[in-house]
Amino acid sequence: MKVISTKENLQILYEDNHLIVVNKRVGDIAQGDNSGDKPLPEVVKEYLKEKYNKPGEVFLGVVHRLDRPTSGLILFAKTSKALTRMNDLFSSRETQKTYWAVVKNKPEKEEDVLVHFIKRNQKNNTSKAHSKEVPESKKASLAYHLIAKLDNYYVLEIELHTGRHHQIRAQLQAIGSPIKGDLKYGFDRSNPDGGIHLHARKLVFTHPVSKELIQIIAPVPEDVIWKNCTISE
């Protein structure tokens, strides 16, 4: 998918009267935190305010989030009606979310469905994937398959079945294949930009108003590892 607009490092992948989809960069924050950095929703609001010369406050609904060190597509609603309907689609799992992850250790199986029980640790903002249910855990499921072999790494395509906290990161660590750069989940060194090689690649959903089937694909970051991936963009 082509980037339809780039302004102040804001890559717009899709926009209509109801929705806007942005290709998030590593380091962008999907919501405000104590870092003091400007959240991505505020950047998108400024873009909309300027583009449409809107007076007053711009409405923008956050439908889902991505971790700060990850990249890839993130969808926002431009109307309250679209926000409600998209929230319903996400909560009822009527969307298809696909991620790419670069790992150093090849999984034992080239494709598999992983089922764990995720328990979140609020104090250090991590989650642990357990093979069996433990108190305060939530069931987590994803499917992955190997899509590319690089010189020193492997690229996995992942389809999420659930949306748990740090789910992909924790589940890949649990099978011995932590994501490149992810010190928090078992990788041995960080990436120079502080990010990890996890990219929200594709989103498929039924448009909340037109009912058209929408498929959006986010180009990978300008990074030598991603660009060495043999899969065509």
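The structure this text deals with has already been given above.
Report on the accompanying structure. (Residues numbered from 1 in each chain as written. Predicted model: local features only at pLDDT ≥ 70, side-chain atom pairs only at ≥ 80, totals over all residues. Heavy atoms only, no water.)

Side note on the pairing of strand β8 (residues 126–130)
And then number 1: Bridge analysis of strand β7 (residues 111–121) against β8 gives five bridges, and the strand direction is antiparallel. When the bridges of β8 are listed, Asn 121 appears paired with Thr 126.
And then number 2: Two successive antiparallel strands, β7 and β8, enclose a turn made up of four residues, where Asn 125 displays a positive phi of approximately 55°. (Pairing = 2+ DSSP bridges. Helix = DSSP H or I, 4+ residues; strand = E, 2+ residues; numbered from the N terminus.)

Concerning the nonpolar core
And then number 1: Val 44, Ile 158, Ile 168 and Leu 172 are the most contacted members of the largest nonpolar core, which has 31 residues in total.
And then number 2: With five residues, the top contributor of residues to this core is helix α1 (residues 40–51).
And then number 3: Discounting residues that sit within four places of it in the chain, Leu 172 has contacts with Ala 101, Val 103, Leu 114, Leu 156, Ile 158, Ser 177, Pro 178 and Ile 179.
And then number 4: By size, the runner-up hydrophobic cluster in this structure holds 18 residues, among which are Leu 19, Val 21, Leu 73 and Ile 216. (Core = buried A, V, L, I, M, F, W, Y, C linked by side-chain atoms within 4.5 Å. Buried < 20%, exposed > 50% of the residue type's maximum accessible area, 1.4 Å probe, protein only. Contact = heavy atoms within 4.5 Å.)

Remarks on the side chain of His 207
And then number 1: Along the polypeptide, His 207 turns up in the loop between β11 (198–206) and β12 (213–217).
And then number 2: Of the polar contacts made by the side chain of His 207, one reaches the side chain of Asp 16; its length is 2.6 Å.
And then number 3: Among the polar contacts made by the side chain of His 207, one reaches the main-chain amide nitrogen of Ser 210 at a distance of 3.1 Å.
And then number 4: Beyond its immediate sequence surroundings of up to four residues, His 207 is in contact with Tyr 14, Asp 16, His 18, Leu 19, Glu 212 and Ile 214. (Polar contact = N/O pair within 3.5 Å; in protein donor to acceptor, adjacent residues only side chain to side chain.)

Notes on the environment of Ile 29
And then number 1: Following the sequence through the fold, Ile 29 ends up in the loop between β3 (19–24) and α1.
And then number 2: Exposure remark for Ile 29: the relative accessible area of 4% places this residue in the buried category.
And then number 3: A sequence separation of 151 residues divides Ile 29 from Lys 180, and the C-alpha atoms of the two residues are 20 Å apart.

Thoughts on the pairing of β12
Across a regular strand the side chains alternate sides, sitting on one face of the sheet and then on the other.
And then number 1: Judged by which residues are buried, β12 turns out to be one-sided: Ile 214 and Ile 216 face inward and are buried, whereas Leu 213, Gln 215 and Ile 217, on the alternate face, are not.
And then number 2: The antiparallel pairing of β11 with β12 creates a hairpin that spans six residues between the two strands, and Lys 211 there sits at a positive phi of about 65°.

Observations regarding the side chain of Lys 78
And then number 1: Its place among the elements puts Lys 78 in the loop between β5 (71–77) and α2 (80–91).
And then number 2: Within the structure, the side chain of Lys 78 is placed 2.9 Å from the side chain of Glu 15, a separation counted as a polar contact.
And then number 3: Among residues more than four places away in sequence, those in contact with Lys 78 are Glu 15, Asp 16, Asn 17, His 18, Leu 19, Ile 20, Leu 48, Tyr 52 and Phe 59.

As for α2
And then number 1: With 12 residues, α2 ought to run about 16 Å at 1.5 Å a step, and its terminal C-alpha atoms sit 16 Å apart, in line with that.
And then number 2: Buried residues of α2: Ala 82, Leu 83, Met 86, Leu 89 and Phe 90, and no others. Each buried residue of α2 lies within a common arc of 125° when the element is viewed along its axis, so the set occupies one face.
And then number 3: In this fold, the buried residues of α2 make contact with β3, β4 (61–62), β5, β6 (96–103) and β11.
And then number 4: Trailing α2 by a residue or two, Arg 93 shows a phi angle of about 60°, which is positive. (Expected span 1.5 Å × (residues − 1). Arc of directions from axis to C-beta.)

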